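Reading the structure
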Amino acid sequence: MLWATEGTAKQKMLEGLRKSGLAQKGKFKKTRQTRFCIECGQEFIVIETSPQKFCSQTCAGKEAIRIATDIYVEKRKEIHYGIKEYIIQWTNENRELVLATPLNKIKTTINPLLEDIQKLFDVKDIRVISKAVFGEDRGRKELIKFMQKVCNEKIC
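The structure contained in this document is the topic of the report that follows. Nothing here was measured: the structure is a model prediction, and the numbers come from that model. All residue numbers refer to positions counted from 1 along the written sequence of the respective chain. For this predicted model, a pLDDT threshold of at least 70 governs which residues receive local features, and a threshold of 80 or more governs which side-chain atom pairs are given and counted, while totals over whole chains, interfaces and linings are taken from all residues. Side-chain measures here rest on the full set of heavy atoms in the structure, leaving out hydrogens and waters.

1. Describing the side chain of Thr101
- Inspection of the secondary structure puts Thr101 in the loop between α3 (95–99) and α4 (106–121).
- Here, two residues are considered to be in contact whenever any of their heavy atoms come within 4.5 Å of each other. Discounting chain neighbours no more than four positions away, the residues touching Thr101 are Ile106, Thr109, Ile144 and Gln148. Segments assigned H or I by DSSP are reported as helices when at least four residues long, segments assigned E as strands when at least two residues long, and all are numbered from the N terminus.

Now the structure itself:
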C-alpha cells in the first residue's frame, strides 16, 4: 500500500535505496558487448574490457587440449629426429661392433646404445626407438639391419 502512494514516506524509502545501492541491483554499470566463442561460435555477453574468448570452460578446455596435443606432437617429432641422428652417429663410432653383430645377439650389442638413448632422450622402449628410425615399430632386427646398412653405405 505504501508503494502505491506518492507520499513522503515512499520518497524517503527510495532515497535510502539509492544511497545503499539496492536500487541499482540487476542493472549493468559497465558497458557490455556481444562476442562469439572461438571454439563453438556461440554468442555470449561480456564486459567490454574482458579478455574472455570462450563461452564456457568446456570450450576453453577443448582449445587447451588441442594446443597441448600439438605441442606434444611437435616435441615428440624433435625427440624422434634426435634419436635417429644419435643412432647414425653411434653406428659410425662403433662400426666394427655393428658389422660383427649376429642377428641372434642383437640385444647385447645395442644395449650400450639403448642406455645412451635413455640418458639423453629419456626413452627406453625399443618400440619407440624403432619408430623414431622407421616411422613405425619394426623391432631390433630391422634396427640392426639399418645400422649395418649405414656402415656399409657410409651415409654419414
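Moving on from the model shown.
2. As for the packing of aromatic side chains
- Side-chain rings of Phe, Tyr and Trp, where Trp is taken by its six-membered ring, are said to pair if the distance between their centres is within 6.5 Å; with planes under 30 degrees apart they count as stacked, over 60 as edge-to-face, and otherwise as tilted. Scanning the model with the defined rule gives 1 aromatic pair in all.
- Measuring from centroid to centroid gives 5.8 Å for Phe134 and Phe146, while their planes differ by 80°, and the two rings are edge-to-face. Taken together, the residues span a long stretch of sequence, with Phe134 in helix α5 (residues 126–134) and Phe146 in helix α6 (residues 139–153) at a distance of 12 residues.

3. Details of the pairing of strand β1 (residues 32–36)
- Here β1 runs beside strand β2 (residues 43–47); their pairing, made up of 5 bridges, is antiparallel. Within the sheet, the bridge partner assigned to Arg32 lies in β2 and is Ile47.
- Any two strands are treated as partners once DSSP identifies two or more bridges connecting them. Connecting β1 to the next strand, β2, in antiparallel fashion are 6 residues, including Gly41 with a positive phi near 85°.

4. Here's the deal with the packing of helix α2 (residues 57–93) against α6
- The interhelical angle for the contact between α2 and α6, taken along N-to-C directions, is 60°, at an axis separation of 9 Å. Between α2 and α6, the interaxial angle falls into the category oblique. Two packed elements cross with a definite hand, and for α2 against α6 that hand is right-handed. Residues Lys84, Ile87, Ile88, Trp90, Thr91 and Asn92 of α2 pack against Leu143, Phe146, Met147, Val150 and Cys151 of α6.
- Nonpolar residues are Ala, Val, Leu, Ile, Met, Phe, Trp, Tyr, Cys and Pro. Charged residues are Asp, Glu, Lys and Arg, and all others, Gly as well, are polar. Split into classes, the residues belonging to the contact of α2 with α6 amount to 8 nonpolar, 2 polar and 1 charged. For every element, the axis is a line fit to its C-alpha atoms; helices are fit only across the contacting stretch, and the angle between N-to-C directions ranges from 0 to 180 degrees. Should an angle lie under 35 degrees it is considered roughly parallel, over 145 roughly antiparallel, and from 65 to 115 roughly perpendicular; all remaining angles are considered oblique. For any pair of crossing helices, the crossing counts as left-handed if the nearer helix is rotated counterclockwise from the farther one by less than a right angle, and right-handed if it is rotated clockwise.

5. Structural notes on the nonpolar core
- Ile87, Ile110, Ile117, Ile129, Leu143 and Met147 are the most contacted members of the largest nonpolar core, which has 22 residues in total.
- For this core, the secondary-structure elements that each account for two or more residues are α2, α4, α5 and α6.
- The residues contacting Leu143, other than those within four sequence positions of it, are Ile87, Ile110, Ile126, Ile129, Val133 and Phe134. Buried Ala, Val, Leu, Ile, Met, Phe, Trp, Tyr and Cys residues that are joined via side-chain atoms within 4.5 Å together make up what is termed a nonpolar core. The classification of residues rests on relative accessible area computed with a 1.4 Å probe and restricted to protein chains. Under 20% of the type maximum is buried, over 50% is exposed, and intermediate values are partly exposed.

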